[in-house]
Amino acid sequence: MTVLVPAAATYLLRVVLITVVPAHRLPAALRRGLAHLAPAALAALVATALVGHGGPVALVVPGPTHLALAAAGLVAWRSRNPALPVLAAVAVAIVIEVLS
Amino acid sequence: MWPPAGRPHRRPMTTTLRHHSPGVADAARDLVPVVVGLTPFALLIGVTSVRSGVGAGTGVASAALLFGGSGQLTAITLLAGGAGTGAVLAAVTLVNARFLLYAAALEPHFRDQPRWFRWAAPHLVVDPTYAMVTRRTDLAGPGDPADPAAFRRYWLAAGGGLAVAWTGLTALGAVLAPVLPASSALDVAAPAMFLAMLVPVLRRARPARAGAAVAGVTAALASSLPDGLGLLCGIAAGVVAAAVADRTITDTAGSPS
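Residues numbered from 1 in each chain as written. Chains lettered and ligands numbered in written order. Predicted model: local features only at pLDDT ≥ 70, side-chain atom pairs only at ≥ 80, totals over all residues.

1. A few points about the overall build of chain A
- Counting secondary structure elements, chain A contains five helices and zero strands.
- In sequence order, the secondary structure elements of chain A are arranged as α-α-α-α-α.
- Expected size for 100 residues packed as a compact globule is a radius of gyration near 13 Å; at 19 Å, chain A overshoots this value by more than 25%.
- When the backbone C-alpha atoms are referred to their principal axes, chain A occupies close to 55 × 40 × 30 Å.
- For chain A, the proportion of its 100 residues judged to be buried stands at 47%. (Helix = DSSP H or I, 4+ residues; strand = E, 2+ residues; numbered from the N terminus. Rg over C-alpha atoms; globule rule 2.2 N^0.38 Å. Buried ≥ 20, exposed ≤ 12 C-beta atoms within 10 Å, placed from the backbone.)

The structure is reproduced here in structure tokens:
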């Protein structure tokens, strides 16, 4: 069960600033930064997936993932339901895969 | 800044006087589309655990114990390649380091909770649960008199429900691995889910857009760094950019910060 060791480390990451050293004891500047965390983290996750193993150039060279995520972005702009953009992206990816 | 500035919650209230605390029903309503969106990602992890030779047991255990798709995929890929415990530990810790930040941001909700909740419930901190709580403006924050029990109910229903669904869907992916066609179409599911959570945040305020743009470009530029370090660089740069943009806007408006 090699997965137990990284699981224990991940649990520590989750619990340390909640229960061990509560985050309200952190410096005020750090706490203000946390309010801006959500958009930064989500955008970094999307960009990392978009680039994949292609290096930074892959961000601007259009590929199937770009098309699929563009569809997801359009749907997300029109609807607040977070499932629809995913279904749109997977549908576009399947269509591209079938056509190519 | 708490709760995050934004549009008032759209849900119609029965009376304007009664404070609305989200309950289990609200959590379920928020959770259903998230689970639908995450289904392809969970299936992919189950399929990958079987096809890579790591085994369905390890795949399903990683869903319950690691409970974070990108960290699980990292662990499974490395284990399949014959990596040692130390390498898996280092890579997964880096990939999941953002949970440290999510936990810090969520900490006010955990402050007045019972001890068992403060030790057990952080296990449910993960991208979708963090985003779900961030999107709800009606959950109690520090200095808010609303009862901690409302957050506890919401968190356990949304996070616990997600954990059960995520583990079950990973197992389903492992079962279906022999019959599912080899396709990379499922790979776009996870980033599409994150994009779906990002877009409503971008509509709120300019600092969020600045932070997202800088985070995305930095993460892409640093993407050749190993073990999710590029992701962390992107997040850090984005947070700094958003904080600077926020301060600039506040100064321009002439109001005290």
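2. Quick word on the overall build of chain B
- Scanning chain B from N- to C-terminus turns up eleven helices and zero strands.
- Along chain B, from the amino end to the carboxyl end, the secondary structure elements read α-α-α-α-α-α-α-α-α-α-α.
- Across chain B, every contact between residues at least 6 apart in sequence was considered, and the portion connecting residues at least 24 apart equals 72%. (Contact = placed C-beta atoms within 7 Å.)

3. Structural notes on the domain arrangement of chain A
- Under the domain assignment, chain A is made up of domain 1 (1-35) and domain 2 (36-100).
- Inter-centroid distance (C-alpha atoms) of domain 1 of chain A to domain 2 of chain A is 29 Å. (Domains from an automatic or database assignment.)

4. Comments concerning the nonpolar core
- Membership of the largest hydrophobic core comes to 124 residues, with the highest contact counts inside it found for Val-46, Ala-72 and Ala-89 of chain A together with Ala-192 and Leu-198 of chain B.
- At 13 residues, the largest contribution of residues to this core is made by helix H3 (residues 37-51) of chain A. (Core = buried A, V, L, I, M, F, W, Y, C linked by C-beta atoms within 7 Å.)

5. A few points about the domain arrangement of chain B
Residues and elements named next belong to chain B.
- When the domains of chain B are assigned, the result is domain 1 (24-186) and domain 2 (205-257).
- Taken together, the contact between domain 1 and domain 2 spans six residues of the former and five residues of the latter.
- No other element matches helix H4 (residues 85-95), which puts four residues into the side of domain 1 that touches domain 2.
- Here the residues of the side of domain 1 that touches domain 2 are counted per class, giving five nonpolar, no polar and one charged. (Nonpolar A, V, L, I, M, F, W, Y, C, P; charged D, E, K, R; others polar.)

6. Some details on the environment of Thr-74 of chain B
Residue and element names in this part refer to chain B.
- Along the chain, Thr-74 turns up in helix H3 (residues 69-80).
- Note: C-alpha distance between Thr-74 and Ala-91 (17 residues apart in sequence) is 7.2 Å.
- Those residues within four positions of Thr-74 in sequence are excluded, and the remaining contacts are Ala-91, Val-92 and Val-95.

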